[in-house]
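Examining the three-dimensional arrangement
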Amino acid sequence: MPTMIAARLHAYGSPMTLDRIEVPEPRPNDVLVEVKACGVVPNLARVVSNFFGKLTPDNKMMPPLPAIFGLDPAGVVAKVGAQVWSVRPGERVYVNPSRSCGSCRMCRSGQPLDCPNWTLQGYFGRSQDIMRAYPYGGLSQFLTAPASALVKLPDNLGFEAAARLGYLGTAYAAMKKLGVGAGRALLINGISGQLGLNAAQLALAMGATTILGTGRNQKLLDRVKALAPLRIDTFAAGDPPAPGSGDPLVAWAKAATGGDGVDGVIDCLPPGAPATAMMRALYCLRRGGAAVNVGAVMDMLPLNAFWLMTNRIGLSGSVWFSTGEGEEMAAMAGAGTLDLSALQHRVSPLSKVNEVLAGMDDRDGGFTNFVIDPTRIE
Ligand SMILES: [Zn+2]
């Protein structure tokens, strides 16, 4: 049997080890992908230290050990199962890690992201069965995945940029819900982080006319604004105003939209951000505006339901994206309307995975794109 190297976690809180294991055989509807790049999200360091295990003592959200993590793999199809007809070996692909059962009511009605067993391959999720069926993450030289999970990559979209499609897709699906497009004003709360920067890049591609963004780091905000100075404006949010005084953030957003407020808010705040920071963005909405939360605020929102009703505000949550939405982003990148050139790829060999996880706080906000190349063992 041919073998490969995979970074495996044998115990939560311990470093990953490089193990030689058998290359899997794809089942009839699956493909085998040789991984060329895998995006690494800063949250992975928290996950492998058993952050979620602490939240759920029975650990049912986490994959069985030893586990191969790696959420955002891109690579080349090496082999296809007997019932795969539209994908051939040699094709360049991103593997959408979104897994669902395929047979429940929500899956049958075409809403696999709402599957009660929804699981992210190479990360965590709601189904131990799915994690056992697809145990290979992108921190491995090969993985198997359903053929239906592949996003075919245009020639001008490199593997490193494709390894960012998880963040991009999370923002994209949320912005589609908001109807982002021509003539619309969007506020991206947390615009200089990983999700927020990708949201700004997509908003430009989707034709949003006014793109407002908040952040804390003025240097990073300046770099985001420089992507499109006529369409993007940023606000260094700082601490919330004293109770009873007007919020300069809200005044700024209203001034930028003829006094109305923005049509949509996408909240991209990082873990640890206070609920008040999310509320400040909601107050920037116009009457009838809507917000989608893809960020990681974990506090209770001090949300006045009467304000929500009388101002006809919409508020919803969104996680991840469909493979079809992945194809739409790939098409935009192929056509040149989605410009990802501002990303700075920080590529490391698979053998440096523990060092990468330990060093993720050292980054230029969302501009840094952490990528592991599993073809390199040094
Ligand atoms: Zn299902």
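Above this text you will find the structure in question.
Conventions used here
Residues numbered from 1 in each chain as written. Predicted model: local features only at pLDDT ≥ 70, side-chain atom pairs only at ≥ 80, totals over all residues. Heavy atoms only, no water. Donors = N, O, S within 2.8 Å, 3.2 Å for Na, K, Ca; no water. Tetrahedral: all angles 85-135°; square planar, octahedral: opposite > 155°, others 65-115°. Helix = DSSP H or I, 4+ residues; strand = E, 2+ residues; numbered from the N terminus. Buried < 20%, exposed > 50% of the residue type's maximum accessible area, 1.4 Å probe, protein only. Phe/Tyr/Trp six-rings, centres within 6.5 Å; stacked < 30°, edge-to-face > 60°. Lys NZ or Arg CZ within 6 Å of the ring centre and 35° of its normal. Core = buried A, V, L, I, M, F, W, Y, C linked by side-chain atoms within 4.5 Å. Contact = heavy atoms within 4.5 Å. Polar contact = N/O pair within 3.5 Å; in protein donor to acceptor, adjacent residues only side chain to side chain.

At the metal site, the zinc ion is ligated by Cys101 (SG), Cys104 (SG), Cys107 (SG) and Cys115 (SG), and these contacts range over 2.3 to 2.4 Å. Considering all four donor atoms around the zinc ion, the spread of angles at the metal, 106 to 116°, places the coordination shape in the tetrahedral class. Ordering the donors of the zinc ion by residue number gives the pattern C-x2-C-x2-C-x7-C. Pair noted here: Cys101 is in the loop between strand S6 (98–99) and helix H3 (105–108) and Cys115 is in the loop between H3 and strand S7 (119–120), with a separation of 14 residues, a long-range link. Classification of Cys115 as buried rests on a relative accessible area of 3%.

Time to look at the packing of aromatic side chains. Within the structure shown, the criterion is met by four aromatic pairs. Pairing Tyr123 with Phe124 gives two aromatic rings, centres 4.5 Å apart and planes at 35°, and the pair type is tilted. Aromatic pair Tyr283 and Trp307: ring centres 4.9 Å apart, planes at 75°, arrangement edge-to-face. Placement of Tyr283 in the loop between helix H10 (275–282) and strand S14 (285–293) and of Trp307 in helix H11 (residues 305–310) is noted, with a sequence separation of 24 residues between them. Between Arg27 and the ring centre of Tyr134, over which it is positioned, the NZ or CZ distance is 4.9 Å. When the ring centre of Phe367 is taken as reference, the NZ or CZ atom of Arg223 above it lies at 4.1 Å.

The biggest cluster of nonpolar side chains holds 108 residues, and the ones touching the most others in it are Leu44, Phe69, Leu139, Met175, Leu202 and Ile266. In contact with Ile266, other than residues within four places in its own chain, are Ala171, Ala174, Met175, Leu178, Leu186, Leu187, Ile188, Asn189, Ala199, Val292 and Val294. If you look at the next biggest cluster of nonpolar residues, it comprises 18 residues, including Leu187, Leu212, Ala281 and Leu285.

Counting through the fold element by element, Met1 comes out in the segment before strand S1 (3–8). Exposure remark for Met1: the relative accessible area of 67% places this residue in the exposed category. Along the chain, Met1 and Glu22 lie 21 residues apart, while their C-alpha atoms are 6.5 Å from each other. Excluding residues that lie within four positions of it along the chain, Met1 makes contacts with Glu22 and Val23.

Looking at where Phe367 falls in the secondary structure, it is placed in the loop between helix H13 (353–358) and strand S17 (368–373). The class for Phe367 is buried, based on a relative accessible area of 2%. Taking C-alpha positions, Phe367 is 7.3 Å from Leu197, a pair spaced 170 residues apart along the chain. If we ignore the near neighbours within four places in the chain, the residues touching Phe367 are Leu197, Leu220, Arg223, Val224, Ala342, Leu343 and Gln344.

Here Asp247 lies in the loop between strand S12 (232–236) and helix H9 (248–255). At 2.8 Å, the side chain of Asp247 and the backbone nitrogen of Leu249 are in polar contact. Discounting residues that sit within four places of it in the chain, Asp247 has contacts with Pro241 and Arg280.

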